[in-house]
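So you can see what is in the structure, the chains are spelled out below.
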Amino acid sequence: MAKGITTKEENYSQWYNDIVRKADLAEISAVRGSMVIKPYGYAIWEKMQSVLDGMFKETGHENAYFPLFIPKSFFSKEASHVEGFAKECAVVTHYRLKNDEKTGEIVVDEDAKLEEELIVRPTSETIIWDSYRNWIQSYRDLPLLINQWANVVRWEMRTRLFLRTAEFLWQEGHTAHETREEAVKEAELILKIYADFAEKWMGMPVLKGVKSPNERFAGAIETYCIESLMQDGKALQAGTSHFLGQNFAKAFEVQFLSRENKLEYVWATSWGVSTRLIGALIMSHSDNNGLVLPPRLAPIQVVIVPIYKNTGQLDAISEKVKGIMQELKAKGISVKYDNRDTRKPGFKFSEWELKGVPVRLAIGPRDLENGTVEVARRDTLEKEILQMADIAEKLVNLLEKIQDNIYQKAFTFRDNNTFYVDNWEAFKERIEQGGFVYAHWDGTAETEQKIKDETKATIRLIPIDGKAEAGKCVYSDEPSTGRVVFARAY
RNA sequence: CGGGGUAUGGCCCAGUCCGGUCAAGGCGCCUGCUUUGGGAGCAGGAGAUCGCAGGUUCGAAUCCUGCUACCCCGACCA
């Protein structure tokens, strides 16, 4: 077990915090509820960004940037949307500071009050749709497929590193379409992109589905989501994609001339994933030795640690390592040579384990003699001695194997923590233990609320490819046509 | 926003009840020597107006009042 990391079993929240801090991903900042993302953590976000950005571009989306500040009046235009965010908006009321005449302290200049207050965006639908009104006139302008990478602010009461902070980074896509069908298809396409990204890159299995009306995004007709199961048995929403119907088009008067020369409102979607994904990544794979990163998102995929007794040996090893690094880089592997002379090998081993580097190579005098290298896997903590020949090729294969193994492990975990429950007593008991619980629901908000009140479990999603199955609601005994997924959630 | 807790070098923390060489210890940091195949050892060294503002007192980390920040548990949320 690693020094300074609380075990998962002892205290899961503390374990999570310890990993974030000790792996040098982020730290609490001086600003209440906001965090500093440190270089190693940010490098993971950059990898996520680059992959997702490629996927969006591949499907025809373009990036743009809209203002951080939104005039308050924009918020009154779509009522249900406002209700969803009103309680957590930061508001700019003044635009100038001054020195207090008596105390000399910096104070807000009350004379510099804004005519119209500005809201720091909690999400950008309103400001974007205000622009779209001018961008869209004809069906020829559609579809409009825009994404932006940005920060947003939601004034949360309780915050946790990466999972919920007052300010966070995300991408938000906002699209406009001619028809309802096309917009729905877009929302579903993005959901598939999110699910692919989660599974193939993050190594994190996800369920796909739609939200119940209660859990739906304020202002949406339908909210699609991916949900994954964390190691403590709690669910985490990892991405959402909304079909917004014509709500925003009507609120912001975005109309176009159709092929039939008729004036119509456009159909909209919006969708996003945030730095919360980093929290999901941590809680999906990591262990009591620290972070475990899937090779495809690891900032450093291979770290090389030299073992030596004197500078002569170090020079000989470094010479050898130079060649290996060139080979690895040629294969697209990111590699770091940890030749710090101020740390012993044992310390370096622990440190890189803590930081989740998928593969570690150790090379010492014995290896130079024998033409070998010690290869250690982070996911299984196994070590083996390999011949140096074709090492790059071997590592490419190993990294793929690790990526696959991490996914399989997470999948098996979810599988072992997925249950089908048909009576209320069993349901309450099961929810208490954690995991995804498939149960029948009568489809009413009242029942959903009562279940939440009594068990703290929410409907995470209604499965998209769920089989029709007649049954009776686990709470009310009313008829149901299919199972939905319940869980306690982050 | 309710309930509870904490605040002492970069980090973890002792000391607070019973005011007076009390600012202790560990980690980390710096220097030197010895070390280096799983978190090294020894020696020396730097670093704290004890969260902030008042008050009591000859004297306050310690007692009193007010404030602020953070953490945990709830309600709310990605």
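Residues numbered from 1 in each chain as written. Chains lettered and ligands numbered in written order. Predicted model: local features only at pLDDT ≥ 70, side-chain atom pairs only at ≥ 80, totals over all residues. Heavy atoms only, no water.

Colleague: Is there a simple way to think about the protein's contact with RNA strand B in this case?
Modeller: Around RNA strand B, 35 residues are found, and the nearest of them are Arg32, Arg158, Arg164, Arg276 and Asp367. Put simply, 38% of the atoms of RNA strand B that lie within 4 Å of the protein are in sugar or phosphate. Here a base nitrogen of RNA strand B sits 2.7 Å away from a polar atom, N or O, in the side chain of Glu353. Here a base nitrogen of RNA strand B and a side-chain polar atom of Lys383 are 2.7 Å apart. (Near = heavy atom within 4 Å. Polar contact = N/O pair within 3.5 Å; in protein donor to acceptor, adjacent residues only side chain to side chain.)

Colleague: Before we go on, may I ask you to explain the environment of Asp18 in this structure?
Modeller: With respect to the helices, strands and loops of the structure, Asp18 is situated in helix α1 (residues 12-22). Remark: the alpha-carbon pair of Asp18 and Gln137, spanning 119 residues in sequence, is separated by 53 Å. (Helix = DSSP H or I, 4+ residues; strand = E, 2+ residues; numbered from the N terminus.)

Colleague: For this particular structure, what's the right way to read the sheet that holds strand β9 (residues 144-153)?
Modeller: One open sheet holds the 11 strands; their spatial order is β3-β9-β10-β16-β13-β12-β11-β24-β27-β23-β22, and the pairing between them is mixed. Two strands bound the open sheet, and with one partner strand each, they are β3 (62-63) and β22 (418-420). Sheet analysis places strand β11 (residues 207-210) next to strand β12 (residues 222-229), joined by four bridges and oriented antiparallel. Each residue of the ladder has a partner; that of Gly209, found in β12, is Cys225. The sheet strands contacting helix α12 (residues 391-416) are β11, β12, β22 and β23 (436-440), and the helix crosses β22 at an angle near 25 degrees. (Pairing = 2+ DSSP bridges. Contact = heavy atoms within 4.5 Å. Axes fitted to C-alpha atoms, helices over the stretch in contact; angles between N-to-C directions.)

Colleague: Is there a simple way to think about the packing of helix α13 (residues 424-433) against helix α14 (residues 445-455) in this case?
Modeller: When two helices pack together, their arrangement is given by the angle between their axes and by how far apart the axes lie. As a packed pair, α13 and α14 sit with axes 11 Å apart at the nearest point and diverge in direction by 55 degrees. As far as their axial angle goes, α14 and α13 are oblique. The hand of the α13/α14 crossing is right-handed. Between α13 and α14, the contacting residues are Trp424, Phe427, Lys428 and Ile431 on the first element and Ile451, Glu454 and Thr455 on the second. (Parallel < 35°, antiparallel > 145°, perpendicular 65-115°, else oblique. Left-handed = near helix turned anticlockwise from the far one by under 90°.)

Colleague: Explain the nonpolar core here, please?
Modeller: One broad rule of soluble globular proteins: the nonpolar side chains tend to lie buried together. Leu25, Met48, Phe162, Phe197, Met202, Ile282 and Met283 are the most contacted members of the largest nonpolar core, which has 60 residues in total. Mapped onto this core, the elements with two or more residues apiece are α1, α2 (39-58), α6 (180-201), β12, β13 (235-245), β16 (267-274), α8 (276-285) and α10 (345-354). Residues lining this core come from more than one domain, with at least three contributed by each of domain 1 (12-61 + 134-285) and domain 2 (300-397). Leaving out residues up to four positions away in the same chain, Ile282 has contacts with Trp15, Tyr16, Ile19, Val20, Leu25, Phe162, Gln231 and Leu291. (Core = buried A, V, L, I, M, F, W, Y, C linked by side-chain atoms within 4.5 Å. Buried < 20%, exposed > 50% of the residue type's maximum accessible area, 1.4 Å probe, protein only. Domains from an automatic or database assignment.)

Colleague: Mind showing me how you'd approach the packing of α2 against α6 here?
Modeller: The interhelical angle for the contact between α2 and α6, taken along N-to-C directions, is 140 degrees, at an axis separation of 11 Å. Relative to α6, α2 is oriented oblique. Crossing geometry of α2 relative to α6 is assigned as right-handed. Taking contact as the criterion, the partners of Met48, Val51, Leu52, Met55 and Phe56 in α2 are, on α6, Ile193, Tyr194, Asp196, Phe197 and Trp201. Residue classes in the contact of α2 with α6 are distributed as nine nonpolar, no polar and one charged. (Nonpolar A, V, L, I, M, F, W, Y, C, P; charged D, E, K, R; others polar.)

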